[in-house]
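Commentary on secondary and tertiary structure
Chain residues, written in single-letter form:
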Protein chains: 2
Amino acid sequence: MSEMRDLLRVGGDGPVNLAAIRPRSTPGLPTGDVVGPVPKAWGRAQVAQIGRELAEEQEKLAALAKTEPDFDRRILLVLQAMDCGGKDGTIKRVAGAMNPLGLHIRSFGAPTAEELSHDFLWRIRRALPAPGYLGVFNRSHYEDVLIARVDELVPESVWRARYDQINEFEAELVDSGFTLVKVMLHISPEEQRERLMERLTDPHKHWKYHSSDVDARRQWADYQAAYAEALAYCGTDRAPWYVVPADRKWYRDWAVANLLRETFADLRLSYPSATFDVELERRRLEEQVIPSL
Amino acid sequence: MSEMRDLLRVGGDGPVNLAAIRPRSTPGLPTGDVVGPVPKAWGRAQVAQIGRELAEEQEKLAALAKTEPDFDRRILLVLQAMDCGGKDGTIKRVAGAMNPLGLHIRSFGAPTAEELSHDFLWRIRRALPAPGYLGVFNRSHYEDVLIARVDELVPESVWRARYDQINEFEAELVDSGFTLVKVMLHISPEEQRERLMERLTDPHKHWKYHSSDVDARRQWADYQAAYAEALAYCGTDRAPWYVVPADRKWYRDWAVANLLRETFADLRLSYPSATFDVELERRRLEEQVIPSL
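This report concerns the structure included in the present document. The shown structure was predicted, so the numbers you read here are calculated from the model rather than taken from an experiment. (Residues numbered from 1 in each chain as written. Chains lettered and ligands numbered in written order. Predicted model: local features only at pLDDT ≥ 70, side-chain atom pairs only at ≥ 80, totals over all residues. Heavy atoms only, no water.)

Digging into unusual backbone geometry
Residue and element names in this part refer to chain B. Rule in force here: Secondary structure elements follow DSSP: runs of H or I no shorter than four residues count as helices, runs of E no shorter than two count as strands, and numbering proceeds from the N terminus. The rule is simple: take the accessible area with a 1.4 Å probe, protein chains only, and divide by the maximum for that residue type; under 20% is buried, over 50% is exposed, in between is partly exposed.
We note that cysteine 84 has phi near 70 degrees; this positive angle belongs to a residue other than glycine. Inspection of the secondary structure assignment puts cysteine 84 in the loop between strand 2 (74-81) and helix 4 (87-93). The class of cysteine 84 is buried, set by a relative accessible area of 7%.

Printed below as a string of structure tokens:
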């Protein structure tokens, strides 16, 4: 199988054409023989299986951070998407298949008054995972070149300058042990309409619906243009962007799980070796008499 | 079935006798007919099933916090145990069966220099979950009346005064929307020895072993006494303590999952109702033409 990272990578070498990436496509999916008649069932089972592998890698990462004083490695998954793009679902399914102890999940909404009084990266820096963790950002500093641009929250000179600021910030993260996995979940406006309709139909989903979501659809093209430019400028070799076709939820989860698997594999983690005399400790433990027993 | 909370509750009405609670016992477990020939398999399946129910409750809790401005409800699971008592395993299995998006997990180790410069509750207050979350504390402020007492880190007058400080603090939490579920995972010294031996035998577990763990076993009786007193003083009606027999991992997980299920049930959560005109919104969405499509 090709590396999912190669198949889904965008940016770094000129414009990004999002319209050319079909949201219902399934790059990297094995042939029908492997997948069988119900791709969704296959995908779900694969995610559970990859989740167990990822949980093992998480444990190694945490173990190394706990035992090696200078260990600084950590992974940060950044999720961006249009409304209904599936950020929450991806976290539920992919992170949910892992060990919650090693996860560091942060969601970013509209900035608070305090956050606005600082530069746009201030709240991001405060939310970074410590070494040994898999961090997940549900939205991120990219909102500051997306909604900030489309809704004209700041002048163009301000948001445009942020591309370089983001690249410098992310290079600094990479230098301090981060591996960034930046993922845009790419849905079609038709799929978004269906998902909004579902939120209107299922009373258990009403709370996810906002009247403004329908109005925001008028800005679809503006958002796609903003995404394309951000991905082109900030899809650097050290901190690449991936576009995951996300109209099919099971494919989306499977693709993100694979991106994480490949990222962990690159780290070539192994459990720390004992810093004590194993045989001596076994004897001490065997021979010990606890007075209170 | 009796409420697990009634079966496992300790404290609030005089001394707690931990020695009378057998760590291999399984209070509340249904009869053999229900459980079948392999209790462990039954327990694991039950935890997965309860996990799905808890995830649904988590979603309601998050939904209410998102839509109701004054909503302040949240649950805080506090886990305490001797070394190898299974705190990490409980989080992996029980919290791992839920939705990571609604979890807020914090681990407390030896206090840092900065933390020591403040009162003992300072770092706890900073780590509290926001409304809408299920918080999990992996160790807690109870270390300040446990290890602080056994290792004589502070004079008796100081740790003894903390019982009242803790009760006041927890009453304040309850007044601000918290439901506290304080759990001591209760293992036997024999089980601890087996688990330590496993950490010495499996190279993947060497990193969890510390030479000092064996020495600390000499303080077993002191710790049990410290636990018993803390549970007696701080097992209040508003913030009760539960002792979960924890030599059998599958029972431990099943019991904690049930404590959480009963706690959520008491909250009687339901999904928020729509704050918009559902039919009007459906029509708006159906009739909308996106210029870019």
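Once the structure has been displayed, the description carries forward.
Some thoughts on the pattern of salt bridges
Let me state the cut-off plainly: By convention in these notes, a salt bridge is any Lys or Arg side-chain nitrogen within 4 Å of a carboxyl oxygen on Asp or Glu.
Scanning the entire structure with this criterion turns up 46 salt bridges over all chains. One salt bridge in this structure joins B:Arg9 and B:Asp237, with 3.2 Å as the shortest N-O distance. In this pair, B:Arg9 is assigned in strand 1 (residues 9-10) and B:Asp237 in the loop between helix 11 (220-234) and strand 6 (241-245), connecting sequence segments 228 residues apart. Under the relative-accessibility criterion, B:Arg9 is labelled partly exposed at 29%. On the basis of relative accessible area, B:Asp237 is assigned to the exposed category, the value being 66%. With its nearest N and O atoms 3.1 Å apart, the salt bridge here joins B:Arg123 to B:Glu115. Three or more residues joined by partner-sharing salt bridges are found here, namely A:Glu3, A:Arg5, A:Glu262 and A:Asp266.

Structural notes on the interface of chain A and chain B
Keep this limit in mind: Whether two residues are in contact is decided by their heavy atoms: any pair within 4.5 Å suffices. Accessible area that two parts lose when put together, with a 1.4 Å probe and added across both, is what the buried area reports.
Counting residues at the interface gives 52 residues for chain A and 52 residues for chain B. Carbon and sulfur atoms supply 65% of the area buried between chain A and chain B, which totals about 4,900 Å² over both sides. Summed over the three residues of chain A that lose the most area to chain B, namely A:Leu101, A:Trp207 and A:Leu285, the buried surface amounts to 16% of that side. Seen at the junction of chain A and chain B, the total is two salt bridges.

Quick look at the sheet that holds strand 1 of chain B
Residues and elements named next belong to chain B. Formally: At least two bridges found by DSSP between two strands is the condition for calling them paired. Axis definition: a line fitted to C-alpha atoms, over the contacting stretch in the case of helices. Angles run 0 to 180 degrees between N-to-C directions.
Pairing is mixed across the open sheet formed by six strands, whose spatial order is 1-6-5-2-4-3. Each end of this open sheet is capped by a strand with a single partner; those strands are strand 1 and strand 3 (103-107). Inspection of the sheet shows strand 1 paired to strand 6 by two bridges, in the antiparallel sense. Residue arginine 9 lies in a different strand from strand 6, and its bridge partner there is tyrosine 242. Taken strand by strand, helix 11 contacts strand 1, strand 2, strand 5 (178-186) and strand 6, and its axis lies near 155 degrees from that of strand 5.

So, the relation of the copies chain A and chain B
We apply this condition: For the least-squares superposition of copies, only C-alpha atoms count, and only for residues with pLDDT at least 70 in both.
Expressed as a screw operation, the relation of chain A to chain B combines 0.0 Å of axial shift with a rotation of 180 degrees, fitting to an RMSD of 0.0 Å. One copy is carried onto the other by what is essentially a two-fold rotation axis. The residues that chain A uses at the interface reappear at the interface of chain B in 100% of cases, marking a shared surface.

Here's the deal with the packing of helix 8 (residues 156-175) of chain A against helix 11 (residues 220-234) of chain A
Residues and elements named next belong to chain A. For clarity, the cut-off: Every angle not falling under 35 degrees, over 145, or within 65 to 115 is termed oblique; those three ranges are roughly parallel, roughly antiparallel and roughly perpendicular. For any helix crossing, the convention is left-handed if the near helix is rotated counterclockwise from the far helix by under a right angle, and right-handed if that rotation is clockwise. Ten residue types, Ala, Val, Leu, Ile, Met, Phe, Trp, Tyr, Cys and Pro, are classed as nonpolar, four, Asp, Glu, Lys and Arg, as charged, and the remainder, Gly among them, as polar.
Direction vectors running N to C along helix 8 and helix 11 enclose 40 degrees, while the axes themselves pass 10 Å from each other. Here helix 11 runs oblique to helix 8, going by the angle between their axes. Between helix 8 and helix 11 lies a crossing whose hand is right-handed. Contacts between helix 8 and helix 11 pair Trp159, Arg160, Tyr163, Ile166, Asn167 and Glu170 from the former with Glu229, Ala230, Tyr233 and Cys234 from the latter. In the contact of helix 8 with helix 11, the residues fall into six nonpolar, one polar and three charged.

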